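The lines below spell out each chain.
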Amino acid sequence: MDKTFDFPGRLTAGYQAFLTSRFPSERARFRQLAEVGQSPEIMVIGCCDSRVAPELIFDAGPGEIFVLRNVANLVPPYEPDSHYHGTSSAIEFAVNGLNVKHIVVMGHAACGGIRSYYDHAEPLAKGDFIGKWMSQIGETANKLNLGGERDADLRRLEWAVVEHSLNNLMTFPYIRQRVERGELQLHGAYFGVATGLLFIRDPRTGEFHPFGEGPADDSAA
């Protein structure tokens, strides 16, 4: 009897590869994580884009980073109301439950959510969840005076959204308190999908600078 129940073949093949290659070498690590729980010191807030996997980009093993991914790596402001807040609940757990020491907001090139906002794209479905989600960057986008060269505008907006999310993190009282006490650090980053180049945000100037050795022309990020 076929027990795969039409489960995606790519996933079953990948799992078999995991069982025969990576898992044996990290069996002890998984066992330890199961027994004592996770204690990552770093949270990464990234985009759910399939091309931008934080664990792959940072070569992280199991239990090393706590990852939250959503459309356009957005952090809404602190809103303690009766609505459902998936992003805020993950942040709350990372900070108050896991006591992470660093939160990294990582944007990326060619972000579909940001392109949809910039292009005023038609809703993909009746509910237009994407449009409503992306509408929260309206004020940030207006400050940029967009309307120049498209690719340059998109990158400016992608960088600005990282800044937007960092600012919103500081509206969470427990985050602000920990940052002011020196117990938590916030960071901005940006990944070039085509080049593999990582940009790090300078907290003093807000500017993004390429990290490490990358391609000679980083404008293609």
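On a predicted model such as this, the values are computed, not experimentally measured, just so you know.

Parameters at a glance
Residues numbered from 1 in each chain as written. Predicted model: local features only at pLDDT ≥ 70, side-chain atom pairs only at ≥ 80, totals over all residues. Heavy atoms only, no water. Helix = DSSP H or I, 4+ residues; strand = E, 2+ residues; numbered from the N terminus. Rg over C-alpha atoms; globule rule 2.2 N^0.38 Å. Buried < 20%, exposed > 50% of the residue type's maximum accessible area, 1.4 Å probe, protein only. Contact = heavy atoms within 4.5 Å. Areas by Shrake-Rupley, 256 points an atom, 1.4 Å probe, with all protein chains shown as cover. Salt bridge = Lys/Arg side-chain N within 4 Å of Asp/Glu carboxyl O. Pairing = 2+ DSSP bridges. Axes fitted to C-alpha atoms, helices over the stretch in contact; angles between N-to-C directions. Phe/Tyr/Trp six-rings, centres within 6.5 Å; stacked < 30°, edge-to-face > 60°. Expected span 1.5 Å × (residues − 1). Polar contact = N/O pair within 3.5 Å; in protein donor to acceptor, adjacent residues only side chain to side chain.

Peer 1: Would you mind showing me how to read the overall build of the chain here?
Peer 2: Helix and strand counts for the chain stand at eight helices and six strands. Reading the chain from its N terminus to its C terminus gives the helix and strand order α-β-α-β-α-β-α-α-α-α-α-β-β-β. Computed over its C-alpha atoms, the radius of gyration of the chain comes to 19 Å, within 12% of the 17 Å expected for a compact globule of 221 residues. In terms of overall dimensions, the chain has a C-alpha envelope of 60 × 45 × 45 Å along the principal axes. Taken across its 221 residues, the chain has 36% of its residues classed as buried. Restricting the contact set of the chain to residue pairs at least 6 apart, pairs at least 24 apart contribute 66%. As displayed, the chain has an accessible area near 13300 Å², and 54% of this comes from carbon and sulfur atoms.

Peer 1: Please clarify how the side chain of D49 should be interpreted in this entry.
Peer 2: Along the chain, D49 falls in the loop between β1 (42-47) and α2 (54-57). Taking relative accessible area as the criterion, D49 reaches 14% and is therefore assigned buried. Setting aside its immediate chain neighbours within four residues, D49 contacts R69, H108 and A110.

Peer 1: Which parts of the structure should I look at to understand the pattern of salt bridges?
Peer 2: Oppositely charged side chains can pair when the atoms bearing their charge come close. Under the counting rule described, the total for this entry stands at nine salt bridges. Ionic pairing is found between R22 and E26, a salt bridge with its closest N-O pair at 2.5 Å. Linking R22 with E26, this pair stays in helix α1 (residues 9-36), spanning four residues, or about one helical turn. The salt bridge partner of D202 is R204, with a shortest N-O separation of 3.1 Å.

Peer 1: I'm lost on the sheet that holds β1 in this one. Help?
Peer 2: Within a beta sheet, neighbouring strands are joined by backbone hydrogen bonds and run either parallel or antiparallel to one another. Pairing within the open sheet is mixed, and its six strands lie in the order β2-β1-β3-β4-β5-β6. Edge positions in the sheet fall to β2 (65-70) and β6 (208-210), since each of these pairs with one other strand and no more. Averaged over all adjacent pairs, the angle separating strand axes in this sheet is 25°, with direction ignored. Taken together, the three bridges between strand β5 (residues 198-201) and β6 define a ladder with antiparallel strand orientation. Along β6, the bridge assignment pairs R201 with F208. Helix α3 (residues 86-97) contacts β1, β2 and β3 (102-108) of the sheet and is inclined by roughly 170° relative to β2.

Peer 1: Where do I start with the packing of aromatic side chains in this structure?
Peer 2: Each aromatic ring pair is described using two quantities: the centre-to-centre distance and the angle formed by the ring planes. On inspection of all chains with the given rule, the structure shows eleven aromatic pairs. Each ring, one from F18 and one from F30, has its centre 5.9 Å from the other, and the planes form 90°; the classification is edge-to-face. Its relative accessible area of 28% is what places F30 among the partly exposed residues. An aromatic cluster is defined as three or more aromatic residues linked by ring pairs; in this entry it consists of Y15, F18, F23 and F30.

Peer 1: Honestly, the side chain of S165 in this entry has me stumped. Any pointers?
Peer 2: Relative to the assigned elements, S165 resides in helix α7 (residues 150-169). By relative accessible area, S165 is classed as buried at 0%. Leave out the neighbours within four places in its chain, and S165 touches N73, L74, V75 and V105.

Peer 1: Honestly, α7 in this entry has me stumped. Any pointers?
Peer 2: An α-helical turn contains 3.6 residues, so a residue and the one three or four places further along point in the same direction. The first and last C-alpha atoms of α7 sit 29 Å apart over 20 residues, in line with the 28 Å expected at 1.5 Å per residue. Of the residues that open α7, the one with a side-chain oxygen 3.3 Å from the backbone nitrogen of D151 is E149.

Peer 1: I keep staring at the environment of F5 and nothing clicks. Help me out?
Peer 2: Examined against the element boundaries, F5 turns out to sit in the segment before α1. In this structure F5 comes out as exposed when scored by relative accessible area, which is 65%. Residues F5 and E55, 50 residues apart in the sequence, show an inter-C-alpha distance of 29 Å.

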